[in-house]
Structures are given as C-alpha cells and as structure tokens.
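# Fold and contact review
As a plain string of letters, each chain reads:
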Amino acid sequence: DAKTTQPPSMDCAEGRAANLPCNHSTISGNEYVYWYRQIHSQGPQYIIHGLKNNETNEMASLIITEDRKSSTLILPHATLRDTAVYYCIAAGGGGSNYKLTFGKGTLLTVNP
Amino acid sequence: GAVVSQHPSRVICKSGTSVKIECRSLDFQATTMFWYRQFPKKSLMLMATSNEGSKATYEQGVEKDKFLINHASLTLSTLTVTSAHPEDSSFYICSAGLQGGYGYTFGSGTRLTVV
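Here's what I pulled together on the structure shown here. (Residues numbered from 1 in each chain as written. Chains lettered and ligands numbered in written order. Predicted model: local features only at pLDDT ≥ 70, side-chain atom pairs only at ≥ 80, totals over all residues. Heavy atoms only, no water.)

A few words now on the overall build of chain B. Within chain B one finds 0 helices and 11 strands. Of the regular secondary structure in chain B, the N- to C-terminal order runs β-β-β-β-β-β-β-β-β-β-β. At 13 Å, chain B has a C-alpha radius of gyration in line with the 13 Å of a compact globule built from 115 residues. A principal-axis box enclosing the C-alpha atoms of chain B has dimensions of 40 × 25 × 20 Å. Among the 115 residues that make up chain B, the fraction classed as buried is 50%. Contacts spanning at least 24 positions in sequence make up 53% of the contacts within chain B whose residues lie at least 6 apart. Looking at chain B, you have 11 positive and 8 negative side-chain charges, and the mean spots of the two groups are 7 Å apart. (Helix = DSSP H or I, 4+ residues; strand = E, 2+ residues; numbered from the N terminus. Rg over C-alpha atoms; globule rule 2.2 N^0.38 Å. Buried < 20%, exposed > 50% of the residue type's maximum accessible area, 1.4 Å probe, protein only. Contact = heavy atoms within 4.5 Å. Lys, Arg positive; Asp, Glu negative; His and termini not counted. Charge placed at Lys NZ, Arg CZ, Asp CG, Glu CD.)

Structure below.
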C-alpha cells in the first residue's frame, strides 16, 4: 500500500467546513483513497472512498487531485461529534480481502 | 447493512489465562475478516487476516501460537489470546467487508486488560 502523510492535528469551529489534507504521492494506479475516522475508544468508521473522481456522500466530500498525489476530505458543517482521528489510506481495489494499513491520522478537534 | 458485532467489549483476565474474542458479521457473509490491535494513543496495527475455512495469515512479528484465529463459518471469526500477559493488554478490533463492495465495517472493539 502507498504511504500517506497527514497533519497530526487540526482544529475547526463548529458549523464550519473541516478540510483534512492527505498526501499520497506514491499511490499506484489501482489503489483507491479511503477515509476512515475513529472516535475515542471505538472501532473505525468508514467515511468515503474514491479512485480519481471527486466523490460525495451524506457524510463528506472527497476531492482528489488530477495527478492523484493528494486528496482532501471535506466535512461541510462540522459538529462536536465529528471530533475524531481521521485516517487517509491508499489501498488496492474493491472487494473484501485487501489490507488496510493505518497511519497516525489527523486528530480533528471541533470546537464550540 | 454490513454490521460487525464484536464481543466482549471489555474483559479483564488473570495473567496466564486465555481469552476469546468473537467477531460476527450480522447481515452479510464474510470470507475474510481482519484483526487489529491498538495501544493507547497509537494507530491500529494489523495482526492477521482471517480466512473462512483455512488458516489465518499473520503479519510479521505476530505470534500465531499466541494469537489463535479461527474462522469456522462465514459469519464468525474468533481471536484467542493464549497465556495472556500484561503486555497483551490492548484494544483489539476486527473488521470485514462486503464481497464486491468498498470499505470495511469495524467492530466496536474489545478492551483487554491482563492483571
């Protein structure tokens, strides 16, 4: 799996958009970009994934640069419940038997 | 859909005893499940890949005789920590994904404390 680099921490005001960057400059052509988050003492939660097109779901938007070397996860209106560690992972294809390698992630703190 | 249930959520055991952790896919069949451990303030580390009907594949440095994995059915994988010691105290998490789907669902984790 390609290595990803994320800032260790970020702050965001409640109600504002949270933009979390991720660098994955060594991503290979068949690897997807996945985002998960982990709220303290819980299992990680899947947020969104993408290959090369921008994606949006009910939780977030994912913007992937054209060269696929970096991406940004956008939480459009952050709430206090969005405080968590966010992990960006580059991993192979779809299906159910590829490995996820977690880095250190970004601790997002949403402030009132 | 794609719910993974993990049990127990918390367990305390004496040093030298064994502890079994269960991971169930509630509404889907999972031929592959993954087991992670997480130390305080650290990231998740993949321990092993559990394959239904065959032997688990362990990551480098993980003792397969200490962390026994059984995946006897398409909905259940178990991790047994044998002869537990205080250094095995950790947060253990399983995950699984839908065949043909994207993204994995994680269990809620098991906090193991060995005293």
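Turning our eyes to something else, we now look at the packing of aromatic side chains. Inspection of every chain in the model, using the stated rule, returns 12 aromatic pairs over all chains. Here the aromatic rings of A:Tyr98 and B:Tyr104 are separated by 4.7 Å at their centres, their planes lie at 20 degrees, and the arrangement is stacked. Taken together, the residues span two chains, with A:Tyr98 in the loop between β8 (84–92) and β9 (106–111) and B:Tyr104 in strand β10 (residues 104–106). Each member of the pair A:Tyr98 and B:Tyr104 is classed as buried. Ring geometry for B:Phe34 against B:Tyr104: centres 5.1 Å apart, planes inclined by 40 degrees, an arrangement best described as tilted. In this pair, B:Phe34 sits in strand β4 (residues 32–38) while B:Tyr104 sits in strand β10, placing the two residues 70 residues apart along the sequence. Comparing B:Phe34 with B:Tyr104, the two get one shared label, buried. Put simply, the rings of A:Tyr36, A:Tyr46, A:Tyr87, A:Phe102, B:Tyr36 and B:Phe106 pair up and form one aromatic cluster. (Phe/Tyr/Trp six-rings, centres within 6.5 Å; stacked < 30°, edge-to-face > 60°.)

Size of an interface, as often reported, equals the accessible area lost when the parts are brought together. Between chain A and chain B, the contact holds 22 residues from the first and 24 residues from the second. Of the roughly 1,700 Å² buried between chain A and chain B on both sides combined, carbon and sulfur atoms contribute 53%. Seen at the junction of chain A and chain B, the total is 1 salt bridge. Where B:Glu59 meets A:Lys99, a salt bridge forms, and the shortest distance between an N and an O atom there is 2.7 Å. Every element with two or more residues in the side of chain A that touches chain B is listed here: β3 (31–38) and β4 (45–50) of chain A. The residue makeup of the side of chain A that touches chain B, split by class, is 9 nonpolar, 11 polar and 2 charged. (Buried area = accessible area lost by both parts, 1.4 Å probe. Salt bridge = Lys/Arg side-chain N within 4 Å of Asp/Glu carboxyl O. Nonpolar A, V, L, I, M, F, W, Y, C, P; charged D, E, K, R; others polar.)

All names here are of chain A. Following the sequence through the fold, arginine 68 ends up in the loop between β6 (61–64) and β7 (70–75). Buried within the structure, arginine 68 lacks any salt-bridge partner; glutamate 31 is the closest side chain of opposite charge, at an N-O distance of 6.1 Å. Of the polar contacts made by the side chain of arginine 68, one reaches the backbone oxygen of serine 28; its length is 2.6 Å. Not counting residues within four places of it along the chain, the set of residues in contact with arginine 68 comprises His24, Ile27, Ser28, Gly29, Asn30, Glu31, Leu51 and Lys52. (Polar contact = N/O pair within 3.5 Å; in protein donor to acceptor, adjacent residues only side chain to side chain.)

Residues and elements named next belong to chain A. Here 4 strands make up an open sheet; going across it, the order is β2-β7-β6-β5 and the pairing antiparallel. Lying at the two open borders of the sheet, with one neighbouring strand each, are β2 (18–23) and β5 (55–56). Note: β5 against β6, 2 bridges, orientation antiparallel. Counterpart to glutamate 55 in the pairing with β6 is leucine 62. (Pairing = 2+ DSSP bridges.)

Right, let's get into the pattern of salt bridges. Residue and element names in this part refer to chain B. Taken as a whole and assessed by the stated rule, the structure comprises 4 salt bridges over all chains. Residue lysine 66 pairs with aspartate 88 through a salt bridge whose shortest N-O separation is 2.8 Å. Here lysine 66 is found in the loop between β6 (57–58) and β7 (67–73), whereas its partner aspartate 88 is found in the loop between β8 (76–81) and β9 (90–97), with 22 residues between them in sequence. Residue lysine 66 is classed as buried on the basis of its relative accessible area, which comes to 11%.

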